[in-house]
Amino acid sequence: MWYVIEGFDGVDVLARRKQARPAHLERLTALRDEGRLLLAGPCPAIDAEDPGPAGFQGSVVIAQFPSLEDARLWADADPYCAAGVYQRVDVRPFCKALP
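Residues numbered from 1 in each chain as written. Predicted model: local features only at pLDDT ≥ 70, side-chain atom pairs only at ≥ 80, totals over all residues. Heavy atoms only, no water.

Asker: Describe the overall build of the protein, naming the residues involved and giving the relevant values.
Answerer: Of the regular secondary structure elements, the protein holds three helices and four strands. Going residue by residue from the N terminus, the α and β elements of the protein occur as β-α-β-β-α-α-β. Computed over C-alpha atoms, the radius of gyration of the protein comes to 13 Å, within 12% of the 13 Å expected from 2.2 N^0.38 for 99 residues, which places it in the range of a compact globule. A principal-axis box enclosing the C-alpha atoms of the protein has dimensions of 35 × 30 × 25 Å. (Helix = DSSP H or I, 4+ residues; strand = E, 2+ residues; numbered from the N terminus. Rg over C-alpha atoms; globule rule 2.2 N^0.38 Å.)

Asker: A description of helix α2 (residues 68-76) should follow, citing residues and the corresponding values.
Answerer: Taken as a whole, α2 has its buried residues at Ala71, Trp74 and Ala75. One side of α2 holds all its buried residues, which, seen down the axis, span an arc of 100 degrees. (Buried < 20%, exposed > 50% of the residue type's maximum accessible area, 1.4 Å probe, protein only. Arc of directions from axis to C-beta.)

Asker: Before we move on, can you summarise the side chain of Arg17 with the specific residues and values?
Answerer: Among the secondary structure elements, Arg17 is positioned in helix α1 (residues 14-33). Among the residues examined, Arg17 registers a relative accessible area of 5% and is labelled buried. Separated by 2.9 Å, the side chains of Arg17 and Asp9 make a polar contact. Dropping the residues within four chain positions of it, Arg17 is found in contact with Asp9, Pro42, Phe56, Gly58, Ser59, Tyr80, Val85 and Tyr86. (Polar contact = N/O pair within 3.5 Å; in protein donor to acceptor, adjacent residues only side chain to side chain. Contact = heavy atoms within 4.5 Å.)

Given below as structure tokens:
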């Protein structure tokens, strides 16, 4: 099943986000290579493709996992969690309708 994983950034975490980003992207690339990633990306803190020093307010990942528990375990192991970037992570089932 598909699951949406939404991480919410804490305050003043842009430097930590930048430092943890390569490891974060490595895990997403692995999901993509396994054919389990629908989409992933950050949510800018301002209405701009490149928010610069304003940073991000979080990230969204939609990926396939065998169960909700597996999705939560994967989300909890994210380098952004370990680096203290995310203050909260929500994991919910997702039903793809379009396209």
